[in-house]
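Structural description and commentary
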Amino acid sequence: MPRPDAPSWIVVGRTDGGVVAALLDADGAETGRHPLTASDLPGWVAEREAADAPRWVWNDTPQWYASLLRAGVRVGRCHDLRLCHAILRSSAYVVRGAMRGAGGWDAAPFVAVADSAPALFDLDGAERPAGPPDDLDEVLAEFARQRGAVASSADPSRLRLLLAAESAGALIAEELRAAGLPWDAAAHDRILVDLLGERPPGGGQPEKLAAAAARVRAALGDPTASLDSQPKLLRSLHRAGVLVESTSRWELAEHQHPAIDPLLEYKKLARLLSANGWAWLDEWVAGGRFRPVFVPGGVVTGRWASSGGGALQLPRQLREAVRADPGWKLVVADVAQLEPRVLAAMSSDTALAAAARGRDLYAGIVESGAVPSRQQAKIALLGAMYGATTGESGRLMPRLRRAYPRAMGLVDDAARTGEDGGVVSTWLGRTSPPPSEAWAAAQSQATEAEASGADETRARRWARDRGRFTRNFVVQGTAAEWALAWMADLRSRLHAMPPVVEDLAASRSGPVFARRPHLAFFLHDEVIVHAPASLADSAAQAVTDAAAAAGRLLFGDFPVDFLLDVHIADSALKG
DNA sequence: CTCGAATGCGCG
DNA sequence: AAAGCGCGCATTCGAG
């Protein structure tokens, strides 16, 4: 329980003398300062965290939190000035000029040299991302600027929610990296050997990959055909009478030729080897953990990106290698049709929300009679959110508009705004970037008297492209906000669980995560929690409860639910 | 040699 | 070659 005079915020930054923490009351007024050194920072933070549970304010979460976690110190809440700056400087909710005067806050996030990929060692100091300002005065000034921008904004409570969620995401991203995803390198190796053959000692092609290549060359009657160079492969195929325009899988699959099957097999195996083969295993898995770099807010819509390791592209093929430590379990949970549910809520479309309640949303649409089959419901709804105009998806749109006019109206409006050069915002106030100068120039040029037909065609195409982007932005971005709220709530629930007493010395997740369930992976609408076996059921319940809480936090009493598929297992392989 | 574009495929 | 959004990464290849 915080003391009555406990600081609401503690701002950390650097001065000439070292690290200084400034204590702020609830109104943002400074009540004291505390000088620190790099070495006594973790202990002091742990003390203040336990006593006051403040919101920690810093320029850039990785710059501070990575070393705190290494020292065994977890914090509950923070305000990440870099991430919040990015939201506020472009949010349509913020009044013009409120963020004026900020310098250096558009910097890329700090990259720690010791933790970074080998390539970064080659960069000199000038090239390595150094992060935003960390000087205490600049940090305090930016924090004041941001508080002012929120207070004077069109919707302070939504923006506060967004900034808190974004900052929680920053903590979670560091914790995910610190804990890592439990990865069984031996299981991974078995999958590789099974599909590719033994790892060739000298490099080179594994046996089964080479065999597939040989079958392709035999079928093409071309013993030297190159399979890895697209232009050369295309010529070989043409010589053999396979008249494709590309070498992509789905076009090849439309042709009949003895070379096609082995070629598709070869491409599949070659992809596995180059993307997630032994080299990947050597580089990215150590000590039983895959530790990717998650990049919160890395996508314009607010989704996370990743950098290194391909964290967001792990093939389903390899899920079997994600294995809980001995004595632990994995809780794997994903949301069914997150984006359509979010769309129903943000548009207050009670009919769409009713179709989704307690069941597969596409089945609900079929039951309502809007379209005849689940497949059509899925194609139509995805088309509505992505802006499909042709094909089956385009043909089904009118039926969807009749059945769900509010939901369809929301995405149609967003598209129209984008086509007209406007900006759109998510539910909590993240705003799309304005059109590029080239885009605007193309539009105005097309309206001039001497505009050519080509000018007009290009302008229209660009306008439609941008419409599809803004159409999707509002839904994808709000879904990202829901996911942040889900994870933030889940993180608190997991930390509130009583730590297990049994000796789980085998845990390789580090001091902060050794005795409690903790998040281990996140992918847009899915989380993996690594939990001591005795707490796995509680962790699964927490995942479900957090989803309900996130729905209420964003959408209040609006009757939409977020249906989860939750599994408890030793591996992340899904049935 | 480095760098960017193009291609293809993995994920949501 | 996708129709229809958002990404990252490996590979090849031509330009400088």
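For the structure given in this document, a descriptive report is provided here. Nothing here was measured: the structure is a model prediction, and the numbers come from that model.

A word on the packing of aromatic side chains
According to the stated counting rule, one finds 14 aromatic pairs in the structure shown. Taking 4.9 Å as the distance between ring centres and 65 degrees as the angle between the ring planes, the aromatic pair formed by tryptophan 9 and phenylalanine 143 counts as edge-to-face. With tryptophan 9 in strand 1 (residues 9–15) and phenylalanine 143 in helix 5 (residues 136–151), this residue pair connects regions lying 134 residues apart in the sequence. We note that tryptophan 9, like phenylalanine 143, is buried. The ring of tryptophan 462 is capped by arginine 458, whose NZ or CZ atom sits 4.9 Å from the centre of that ring.

Quick word on the pattern of salt bridges
Under the definition given, this model contains 23 salt bridges. Of the charged contacts, one joins arginine 82 and aspartate 60 as a salt bridge, the two residues approaching to 3.1 Å between their closest N and O atoms. Residue arginine 82 is found in helix 3 (residues 81–90), and its partner aspartate 60 is found in the loop between strand 4 (55–58) and helix 2 (61–70); the two are separated by 22 residues along the sequence. Of the two residues, arginine 82 and aspartate 60, both sit in the buried class. A salt bridge links glutamate 166 to arginine 430; the nearest nitrogen and oxygen atoms lie 2.8 Å apart. With glutamate 166 in helix 6 (residues 156–179) and arginine 430 in the loop between helix 18 (405–419) and helix 19 (437–446), this pair connects stretches of sequence that are 264 residues apart. A residue is classified by how much of its surface remains accessible, and glutamate 166, at 2% relative accessible area, is buried. What emerges from the salt-bridge pattern is a single network uniting Arg401, Asp412 and Arg471.

Brief notes about the pairing of strand 2 (residues 18–24)
Within strand 2, six of the seven residues are buried, which leaves the element mostly enclosed by the surrounding structure. Pairing between strand 1 and strand 2: seven bridges, direction antiparallel. Bridge assignment links valine 12 to a residue of strand 2, and that residue is alanine 21. Count of turn residues in the strand 1/strand 2 antiparallel hairpin: two residues. Where strand 2 meets strand 3 (residues 30–36), six bridges bridge the pair, whose relative direction is antiparallel. Pairing of alanine 21 across the sheet is with histidine 34, part of strand 3. Hairpin connection between strand 2 and strand 3: a loop of five residues separates the two successive antiparallel strands, and glycine 28 in this loop has a positive phi of roughly 90 degrees.

Rules behind the numbers
Residues numbered from 1 in each chain as written. Chains lettered and ligands numbered in written order. Predicted model: local features only at pLDDT ≥ 70, side-chain atom pairs only at ≥ 80, totals over all residues. Heavy atoms only, no water. Phe/Tyr/Trp six-rings, centres within 6.5 Å; stacked < 30°, edge-to-face > 60°. Helix = DSSP H or I, 4+ residues; strand = E, 2+ residues; numbered from the N terminus. Buried < 20%, exposed > 50% of the residue type's maximum accessible area, 1.4 Å probe, protein only. Lys NZ or Arg CZ within 6 Å of the ring centre and 35° of its normal. Salt bridge = Lys/Arg side-chain N within 4 Å of Asp/Glu carboxyl O. Pairing = 2+ DSSP bridges.

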